[in-house]
There are 2 protein chains.
Amino acid sequence: MFNWNDKFAARAAHMKRSSIREILKLTQKPDIISFAGGLPAPESFPVERVRQAADKVLRERFNDALQYSLSEGLPELRDFIAQRMSRPGLTLTRDNILIVGGAQQAIDMIGRVLLDENDRVVVENPTYLGMLIAWKPYNLRYATVDTDNDGLRVEQVEAIFRQKPKLIYLVPNFQNPQGVTLSFARRRELVRLLNKYQVAVVEDNPYGDLRYSGEDIPSLYELDSNQVIYLGSFSKIVAPGLRVGWVAAPPPILDKILEAKQSTDLHTSPLTQMIIHEVVKDGFLDEHIPRLRALYRQRRDVMLQMLERYFPPEVQWSRPDGGLFLMVTLPKHVPAAELLKHAIQHKVAFVPGDDFHVGEAGRNTLRLNFSNAQLTQIEVGIQRLGNLLKEVLVKEGGLFALP
Amino acid sequence: MFNWNDKFAARAAHMKRSSIREILKLTQKPDIISFAGGLPAPESFPVERVRQAADKVLRERFNDALQYSLSEGLPELRDFIAQRMSRPGLTLTRDNILIVGGAQQAIDMIGRVLLDENDRVVVENPTYLGMLIAWKPYNLRYATVDTDNDGLRVEQVEAIFRQKPKLIYLVPNFQNPQGVTLSFARRRELVRLLNKYQVAVVEDNPYGDLRYSGEDIPSLYELDSNQVIYLGSFSKIVAPGLRVGWVAAPPPILDKILEAKQSTDLHTSPLTQMIIHEVVKDGFLDEHIPRLRALYRQRRDVMLQMLERYFPPEVQWSRPDGGLFLMVTLPKHVPAAELLKHAIQHKVAFVPGDDFHVGEAGRNTLRLNFSNAQLTQIEVGIQRLGNLLKEVLVKEGGLFALP
């Protein structure tokens, strides 16, 4: 019998399945109320628009929609994105934009283009799990920065930048998993430090349009477009199943990412790109994003209310101004991974926070998604979880003690 | 000004833009007859079927089509592929199949999972350019095997296998760029050697269904499914713009490729997968593939006739039984890259063979694509190229002498 295990590359030993995706499978039973995924609300999908767009594209532009296409992406979609991202003092063109098969692909390609083994990379702790998994093969040395309600604690950054890291990765808006947002004052200070120490930035912004309270804040890319690789996505503002995102970056780095794109998968589907362009080109997002905000604001508000009502006082949680997630912090001795096993028996699910953290931190944290549950599910699910927690905290030092 | 060039990973220095894709751009002017691309005939696309499939999927299964999805791919599409690939004595299930965003993505992911820097890899010479580009970052040591009309010269293989290479990559059917096919006798001998020396195989088979003469030959995967990673694609039998291909492989290696898929782009678009499944599920390919074969057979035949008629006797070419390409060999002193500059002035284009070759070989070769030109274009284009060649060969030792 042929032994494949002898053949794997050394880097493949670092790879592991995403625990989120494995959990997603477990929690798909219909009787479980799941706050585990990161899914947008399917009832928010502009189904009829997408259907009409697909029909139009396949009637009028079928040859281009079904043929091989350019690695850079559909020119008119790149133009649309460039225009939408332009601001007074920041004029973008299609040459600043590369279309990718979702922002996850961009993270993966940035790793290939920028990261050598053992490079020093700065991240929020906790940070986006998909980035940690994609960059795992590089065996990076992470320098972690704590976060609070204003996001990354920028006062910790300068000492780290003095050690000359290769780059900093962050999700400044409604971060996954915490839901926190980097304040404007901190963004300005961070850009000053980035300039001073010449550190590259990956600004991952899939949730930026989904703000439910507070004021929009300029992106790091708007504050310094020379030094920032910006990742955008249509997954949360149109639909994830089309798999279309983009990178906005200065041409030298965009060129390199384009080379990676060519060798990775030649190009993203022109059909799905054309559908997206057809959906968004005439102002659709200006109507649709307010609808999404209203829908998700209500879900966030109900989840926060239910947390107040049903969770015991020893438990804390973040209060996000947008996005899809909030993070719960349990008392130190309660491991969320253990809690999950009991929660599933109580027909409610979440993602333990361990995997979002670099190092051993976060075992007493968990992430709750509020975008993909109906209001009554949020009410019932948080009540179930709250009851379980009260039970657990009574048994303190027993069932859930850390080994 | 921020200096991105200081930030690139060492491996990014190996990356370069695909010359094929750059050339594709140059030759898209409407007055140029291009044999340069590798495009299927757009008139072969089942446009109306795809449109109806998209409409049905977006009416009936819109939530699943537009939501995040499983990394493994659509279960019913994996079932379909497993069934279509099954043979007496070889029963596949969905667990043997992983959906990818085109076979190029599979090549890229196999590199990540199997290849360490400086690994020894066996290839046909010339071989598929997209593989050479995708695996360039690994700085591989290639062991090359010559080819003739029966494909890879298997008698050269044993000496190479004794040096314990990691794997062999090959396109056994209607190879890109040469169009040659590995004979059944050689496949059996190759499998014997593969077993004896325990070398892994990547069998890339995008063209297998496109046979215009001769008999179908069992794949290496059919001969030994334990040791072969098989790559298939809908790009040439439905349409490339949907970006759907697959990997068939034993579970241990498929699991690792799945992990790479998760971190690369989470999953392939469920919409395009559902469209493909809707198009193919009721026997469509049984009608469609014979139509494709008839269409391309005629184009191949006309190109071969025109080559006989217009090309000077010093020039040779392959006579493929299928696929999209044939390869032309010029006299040794005529570099195809130089010839291309003149050819474009004469309004005809092709791809020089250099880039398909490992090492310095092949500078006097070029690849012609016959699938994406009308019959009259083939007639006129080959005549133009033949006239240019006659002119060039008269000036022998002059204009095109190698430096």
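From a predicted model like this one, the values you see are computed outputs, not experimental measurements.

## Quick word on the pairing of strand 10 (residues 245–248) of chain B
Residues and elements named next belong to chain B.
Moving on, step 1. Burial along strand 10 is two-sided: G245 and V247 and W246 and A248, pointing in opposite directions, are all buried.
Moving on, step 2. Sheet topology places strand 2 (residues 97–100) next to strand 10; 4 bridges connect them, and they run antiparallel. Each bridged residue has a counterpart across the sheet, and for V100 the counterpart in strand 10 is G245.
Moving on, step 3. When strand 9 (residues 228–233) meets strand 10, the two strands line up antiparallel, connected through 4 bridges. The partner of S233 across the bridge, within strand 10, is G245.

## Topic: helix 11 (residues 270–280) of chain B
Moving on, step 1. Of all 11 residues that make up helix 11 of chain B, 11 are buried, and the element is covered over most of its length.
Moving on, step 2. Restricting attention to buried positions, one finds in helix 11 of chain B the residues B:P270, B:L271, B:T272, B:Q273, B:M274, B:I275, B:I276, B:H277, B:E278, B:V279 and B:V280.

## Looking at the packing of helix 5 (residues 103–114) of chain A against helix 10 (residues 251–265) of chain B
Helix packing geometry: the angle between the two helix axes and the distance between the axes.
Moving on, step 1. Viewed as axis vectors pointing N to C, helix 5 of chain A and helix 10 of chain B meet at an angle of 105°, and their least axial separation amounts to 5 Å. Relative to helix 10 of chain B, the element helix 5 of chain A is oriented roughly perpendicular. Packed against helix 5 of chain A, whose contacting residues are A:Q104, A:Q105 and A:D108, the element helix 10 of chain B presents B:S263, B:T264 and B:D265 at the interface.
Moving on, step 2. In terms of residue class, the contact of helix 5 of chain A with helix 10 of chain B is made up of no nonpolar, 4 polar and 2 charged.

## Focus: the interface of chain A and chain B
Moving on, step 1. Chain A puts 70 residues into the contact, and the matching count from chain B is 70 residues.
Moving on, step 2. Where the side of chain A that touches chain B is concerned, the elements lending two or more residues are helix 2 (47–60), helix 3 (62–66), helix 5, helix 6 (129–134), helix 10 (251–265) and helix 11 (270–280) of chain A.
Moving on, step 3. By residue number, the principal contributor to the side of chain A that touches chain B is helix 10 of chain A, which donates 9 residues.

## Side note on the domain arrangement of chain A
Residue and element names in this part refer to chain A.
Moving on, step 1. Annotation of chain A at the domain level lists domain 1 (4–45 + 286–394) and domain 2 (67–283).
Moving on, step 2. At the interface, 33 residues of domain 1 touch 31 residues of domain 2.
Moving on, step 3. The element contributing the most residues to the side of domain 1 that touches domain 2 is helix 12 (residues 284–310), with 8 residues.
Moving on, step 4. Per-class residue counts for the side of domain 1 that touches domain 2 are 15 nonpolar, 10 polar and 8 charged.

## Let's talk about the nonpolar core
Moving on, step 1. Of all hydrophobic cores here, the largest spans 248 residues; its most connected members are A:V247 and B:V247.
Moving on, step 2. Ignoring anything within four residues of it in the chain, the contact list for B:V247 reads B:L98, B:V100, B:A106, B:I229, B:L231, B:L254 and B:I257.

## Examining the relation of the copies chain A and chain B
The two chain copies are related to each other by a rotation about an axis together with a translation along it.
Moving on, step 1. Expressed as a screw transformation, the operator carrying chain A onto chain B has a rotation angle of 180° and an axial translation of 0.0 Å, and the superposed copies differ by an RMSD of 0.0 Å. On the angle and the small slide along the axis, the relation comes out as a two-fold axis.
Moving on, step 2. A share of 100% of the interface residues of chain A reappears at the interface of chain B, consistent with the copies meeting face to face through the same patch.

## Side note on the sheet that holds strand 9 (residues 228–233) of chain A
Residues and elements named next belong to chain A.
Moving on, step 1. Taken together, 7 strands build an open sheet; the order of strands is 2-10-9-8-7-3-4 and the sheet is mixed. Across the chains shown, the open sheet's two edge strands, defined by having one partner strand only, are strand 2 (97–100) and strand 4 (141–145). Across the sheet, the mean angle separating the axes of adjacent strands is 20° when strand polarity is ignored.
Moving on, step 2. With 5 bridges connecting them, strand 3 (residues 120–124) and strand 4 associate as parallel partners. Along strand 4, the bridge assignment pairs V123 with T144.
Moving on, step 3. Running over the sheet, helix 10 touches strand 2, strand 9 and strand 10 (245–248) and is turned about 25° from strand 2.

Rules used throughout
Residues numbered from 1 in each chain as written. Chains lettered and ligands numbered in written order. Predicted model: local features only at pLDDT ≥ 70, side-chain atom pairs only at ≥ 80, totals over all residues. Buried ≥ 20, exposed ≤ 12 C-beta atoms within 10 Å, placed from the backbone. Helix = DSSP H or I, 4+ residues; strand = E, 2+ residues; numbered from the N terminus. Pairing = 2+ DSSP bridges. Axes fitted to C-alpha atoms, helices over the stretch in contact; angles between N-to-C directions. Parallel < 35°, antiparallel > 145°, perpendicular 65-115°, else oblique. Contact = placed C-beta atoms within 7 Å. Nonpolar A, V, L, I, M, F, W, Y, C, P; charged D, E, K, R; others polar. Domains from an automatic or database assignment. Core = buried A, V, L, I, M, F, W, Y, C linked by C-beta atoms within 7 Å. Least-squares fit on C-alpha atoms with pLDDT ≥ 70 in both.

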